[in-house]
Amino acid sequence: DTGVSQNPRHKITKRGQNVTFRCDPISEHNRLYWYRQTLGQGPEFLTYFQNEAQLEKSRLLSDRFSAERPKGSFSTLEIQRTEQGDSAMYLCASSLEVYEQYFGPGTRLTVT
Amino acid sequence: SQQGEEDPQALSIQEGENATMNCSYKTSINNLQWYRQNSGRGLVHLILIRSNEREKHSGRLRVTLDTSKKSSSLLITASRAADTASYFCAVKRSGGSNYKLTFGKGTLLTVNP
């Protein structure tokens, strides 16, 4: 499968716990994006990597959120001290330069 | 903040009919893209139209772009039950921050068999 993959697909956690999601982009894509989508809304931009450099973080990304892309390959998104408001679908996308973004299946987070 | 605004929010049609969804946006754009999302799944890229293009076709899809009105439409012809999904427009702004997509809230299309 040469598409974008995300793991896990579903995560249920208790409030206050830390969670980490992983995204594996299409192999030749140098750009990687994280978006968040809540029920009934379109995806909202969270952060963007060009190779291993994180070039922009949305105001939606509080200090509890951190994203990395070591070696410019896969990326991880960590949420510390989760809150119920963090419940959402977390989508990862990748692109080759500024061309079309290809999305993964998403990780659905439920914070109880 | 969400930039694209899709209209209508929900659309229900019979199989074989055409479906038209509209999108309006606010800023100057580099391109506009349409995505489909089946319930609880990731987004599938459908079509991209650049700011200097007015119309584009891909199979049963036809997209138009009117930059003077800051609007776009997506037409699905001869709809099928499998077309049931949410459809989102997303704009890529021109100038700074021209790498991220700004999505609308989507149109939920239901195609009844």
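None of the values given here were measured: they were computed from a predicted structure.

What counts and what doesn't
Residues numbered from 1 in each chain as written. Chains lettered and ligands numbered in written order. Predicted model: local features only at pLDDT ≥ 70, side-chain atom pairs only at ≥ 80, totals over all residues. Heavy atoms only, no water. Helix = DSSP H or I, 4+ residues; strand = E, 2+ residues; numbered from the N terminus. Rg over C-alpha atoms; globule rule 2.2 N^0.38 Å. Buried < 20%, exposed > 50% of the residue type's maximum accessible area, 1.4 Å probe, protein only. Contact = heavy atoms within 4.5 Å. Lys, Arg positive; Asp, Glu negative; His and termini not counted. Charge placed at Lys NZ, Arg CZ, Asp CG, Glu CD. Core = buried A, V, L, I, M, F, W, Y, C linked by side-chain atoms within 4.5 Å. Disulfide = S-S within 2.5 Å. Salt bridge = Lys/Arg side-chain N within 4 Å of Asp/Glu carboxyl O. Polar contact = N/O pair within 3.5 Å; in protein donor to acceptor, adjacent residues only side chain to side chain. Nonpolar A, V, L, I, M, F, W, Y, C, P; charged D, E, K, R; others polar.

Enquirer: How should I be thinking about the overall build of chain B in this particular structure?
Expert: If you tally the helices and strands in chain B, you get zero helices and eleven strands. Going residue by residue from the N terminus, the α and β elements of chain B occur as β-β-β-β-β-β-β-β-β-β-β. In terms of overall dimensions, chain B is globule-like: its C-alpha atoms have a radius of gyration of 13 Å, near the 13 Å expected for 113 residues. Evaluated residue by residue, chain B yields a buried proportion of 46% over its 113 residues. Counting only contacts in chain B whose residues sit at least 6 apart along the sequence, the fraction spanning at least 24 positions is 56%. Distance between charge centres in chain B, computed from 15 positive and 9 negative side chains, equals 9 Å.

Enquirer: Looking at this model, I keep getting lost on the nonpolar core. Mind explaining?
Expert: Soluble, globular proteins show a tendency: their nonpolar side chains are buried together. Grouped together as the largest cluster of nonpolar side chains are 22 residues, with contacts concentrated most on B:Leu32, B:Trp34, B:Leu74, B:Ile76, B:Tyr87 and B:Leu109. Taken together, the elements giving at least two residues each to this core come down to β3 (19-24), β4 (29-37), β5 (43-50), β7 (61-66), β8 (71-76), β9 (85-93) and β11 (107-112) of chain B. Sorting elements by how many residues they give to this core places β9(B) first, with four residues. Setting aside its immediate chain neighbours within four residues, B:Tyr87 contacts B:Glu6, B:Met21, B:Tyr35, B:Arg36, B:Leu46, B:Leu74, B:Ile76, B:Gly106, B:Thr107 and B:Leu109. Formed by 19 residues, the second largest nonpolar core is a distinct cluster that contains A:Val19, A:Leu32, A:Leu46 and A:Val111.

Enquirer: I keep staring at the state of the cysteines and nothing clicks. Help me out?
Expert: Chemically, a disulfide is nothing more than a covalent bond linking the sulfur atoms of two cysteines. Residue and element names in this part refer to chain A. A full pass over the atoms with the stated rule returns two disulfides over all chains. Across the disulfide from Cys 23 sits Cys 92; the S-S distance is 1.8 Å. With the S-S dihedral at roughly -65 degrees, the linkage between Cys 23 and Cys 92 falls on the left-handed side. Of this pair, Cys 23 sits in strand β3 (residues 19-24) while Cys 92 sits in strand β9 (residues 88-95), placing them 69 residues apart in sequence. On the basis of relative accessible area, Cys 92 is assigned to the buried category, the value being 0%.

Enquirer: Hey, could you run me through the interface of chain A and chain B in this one?
Expert: Every contact between the two is made by 23 residues of chain A and, on the other side, 19 residues of chain B. Here chain A is connected to chain B by one salt bridge. Of the charged contacts, one joins B:Lys100 and A:Glu56 as a salt bridge, the two residues approaching to 2.9 Å between their closest N and O atoms. Counting across the interface, chain A meets chain B through six residue pairs in polar contact (both at pLDDT 80 or more). If you list the elements that add at least two residues to the side of chain A that touches chain B, you get β4 (31-37), β5 (44-50) and β9 of chain A. Per element, the largest residue contribution to the side of chain A that touches chain B is four residues, and it comes from β4(A). Grouping the constituent residues of the side of chain A that touches chain B by class yields eleven nonpolar, six polar and six charged.

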